[in-house]
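Topology and contacts: notes
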Amino acid sequence: EAGVTQFPSHSVIEKGQTVTLRCDPISGHDNLYWYRRVMGKEIKFLLHFVKESKQDESGMPNNRFLAERTGGTYSTLKVQPAELEDSGVYFCASSQGLTSVGETQYFGPGTRLLVL
Amino acid sequence: AQSVTQLGSHVSVSEGALVLLRCNYSSSVPPYLFWYVQYPNQGLQLLLKYTTGATLVKGINGFEAEFKKSETSFHLTKPSAHMSDAAEYFCAGILTGGGNKLTFGTGTQLKVEL
């Protein structure tokens, strides 16, 4: 069974440009999460989808970030326009959705974003 | 505030020695606690988790952790370190009711020396 995949693995862009990150969860997983690790800091929650609906987007930093999960399968996270402080590693995770709390989240390898 | 704290951003042990990585939490509700490991250029892999029940949790690769409510701790241990254990380890918790978002510690880089 394929794990969580993320694309691209690395992205280097200039300030002001737009970048779109993609996450493909494990097949059949209803829950999809985005997290971010800024250099030297802890991994922080961004948002949580249940199927195609945003369950919790309390961690989204500002309105330059837009996440979608059309059809409840893969998800995209767009940053527009990118700022220097957006640099970091963006992780995606998924879980089945069989229980309400405490399910294991399976993580992808992350996308390393560098904004110059 | 709900938080997870990992003491020591870098820990170095000799091969064969005990591994002890510390994690403390602050939570307003009974927590769910996890340890993840990240090897270079890979994603986070679950080592073990505590939800309810037995407070001593055994995970993969010989690791275990004990949930101690009185100490608000969930330290990770392994009796004998192996070179392949060198990686970054993250303690995380679900600390608030009504959601599944993980709150992470800052991570501990484990170095294993010959």
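**What to know about the state of the cysteines**
Residues and elements named next belong to chain A. All told, the structure shown has 2 disulfides over all chains when counted by the stated rule. Here Cys23 is linked by a disulfide to Cys92, with a sulfur-sulfur distance of 1.8 Å. Here the S-S torsion is close to -65°, and the disulfide linking Cys23 with Cys92 is therefore left-handed. Here the residue Cys23 occupies a position in strand E3 (residues 19-24), and Cys92 occupies one in strand E9 (residues 88-95), the gap between them amounting to 69 residues. Each member of the pair, Cys23 as well as Cys92, carries the same accessibility label: buried.

**Remarks on the pattern of salt bridges**
Counted under the stated rule, the structure contains 10 salt bridges over all chains. For A:Arg37, the salt bridge goes to B:Glu88, with nearest N and O atoms at 2.9 Å. In this pair, A:Arg37 is assigned in strand E4 (residues 31-37) and B:Glu88 in strand E9 (residues 87-94), connecting two distinct chains. Across the pair, B:Glu88 and A:Arg37 agree in class, each one buried. Among the salt bridges present, the one from B:Glu113 reaches B:Lys111, with a minimum N-O distance of 3.7 Å. Linked through salt bridges whose partners overlap, the residues forming this network are A:Arg36, A:Arg64 and A:Asp86.

**Brief notes about the sheet that holds strand E1 (residues 5-7) of chain A**
Residue and element names in this part refer to chain A. Taken in spatial order, the 4 strands make up an open sheet running E1-E3-E8-E7, and their pairing is antiparallel. Strands with a single pairing partner mark the edges of an open sheet, and in this sheet they are E1 and strand E7 (65-68). Neighbour to neighbour, the strand axes of the sheet diverge by 15° on average, direction disregarded. Note: E7 against strand E8 (residues 75-79), 4 bridges, orientation antiparallel. Paired with Leu66 across the bridge in E8 is Lys78.

**Regarding the sheet that holds strand E1 (residues 3-7) of chain B**
Paired through their backbone hydrogen bonds, the strands of a sheet run either parallel or antiparallel. Residue and element names in this part refer to chain B. The strand order E1-E3-E8-E7-E6 describes an open sheet built from 5 strands, whose pairing is antiparallel. Because the sheet does not close on itself, it has two edges, and the strands there are E1 and strand E6 (56-58). The sheet shows a mean angle of 20° between the axes of neighbouring strands, direction not considered. Of the strand pairs in this sheet, E1 and strand E3 (residues 19-26) are connected by 5 bridges, and their pairing is antiparallel. Residue Gln6 lies in a different strand from E3, and its bridge partner there is Cys23.

**Comments concerning the interface of chain B and chain A**
Contact residues are listed per partner, giving 20 residues for chain B and 19 residues for chain A. Buried area between chain B and chain A, both sides added, is near 1700 Å², and the carbon and sulfur share of it is 53%. A per-residue breakdown of the area chain B buries against chain A is headed by B:Asn100, B:Lys101 and B:Phe104, which together make up 34% of the total. At the boundary of chain B with chain A, the tally comes to 9 residue pairs in polar contact (both at pLDDT 80 or more). For the side of chain B that touches chain A, the secondary structure elements donating two or more residues are strand E4 (32-38), strand E5 (44-50) and E9 of chain B. Each residue belonging to the side of chain B that touches chain A can be placed in one class, and the counts come to 9 nonpolar, 8 polar and 3 charged.

**A word on unusual backbone geometry**
Omega for the peptide link from A:Phe7 to A:Pro8 comes to -5°, which places this bond in the cis form. Residue position: A:Pro8 is located in the loop between E1 and strand E2 (10-13). For the bond running from A:Gln80 to A:Pro81, omega is -10°, close enough to zero to count as cis. Tracing the chain through its elements places A:Pro81 in the loop between E8 and E9. Even without being a glycine, B:Asn61 presents a positive backbone phi close to 60°. If you trace the backbone, B:Asn61 turns up in the loop between E6 and strand E7 (64-68). Residue classification places B:Asn61 among the partly exposed residues on the basis of a relative accessible area of 41%. Even without being glycine, B:Thr72 reaches a positive phi, approximately 45°. Residue position: B:Thr72 is located in the loop between E7 and strand E8 (73-78).

Reading guide: rules and limits
Residues numbered from 1 in each chain as written. Chains lettered and ligands numbered in written order. Predicted model: local features only at pLDDT ≥ 70, side-chain atom pairs only at ≥ 80, totals over all residues. Heavy atoms only, no water. Disulfide = S-S within 2.5 Å. Helix = DSSP H or I, 4+ residues; strand = E, 2+ residues; numbered from the N terminus. Buried < 20%, exposed > 50% of the residue type's maximum accessible area, 1.4 Å probe, protein only. Salt bridge = Lys/Arg side-chain N within 4 Å of Asp/Glu carboxyl O. Pairing = 2+ DSSP bridges. Axes fitted to C-alpha atoms, helices over the stretch in contact; angles between N-to-C directions. Contact = heavy atoms within 4.5 Å. Buried area = accessible area lost by both parts, 1.4 Å probe. Polar contact = N/O pair within 3.5 Å; in protein donor to acceptor, adjacent residues only side chain to side chain. Nonpolar A, V, L, I, M, F, W, Y, C, P; charged D, E, K, R; others polar.

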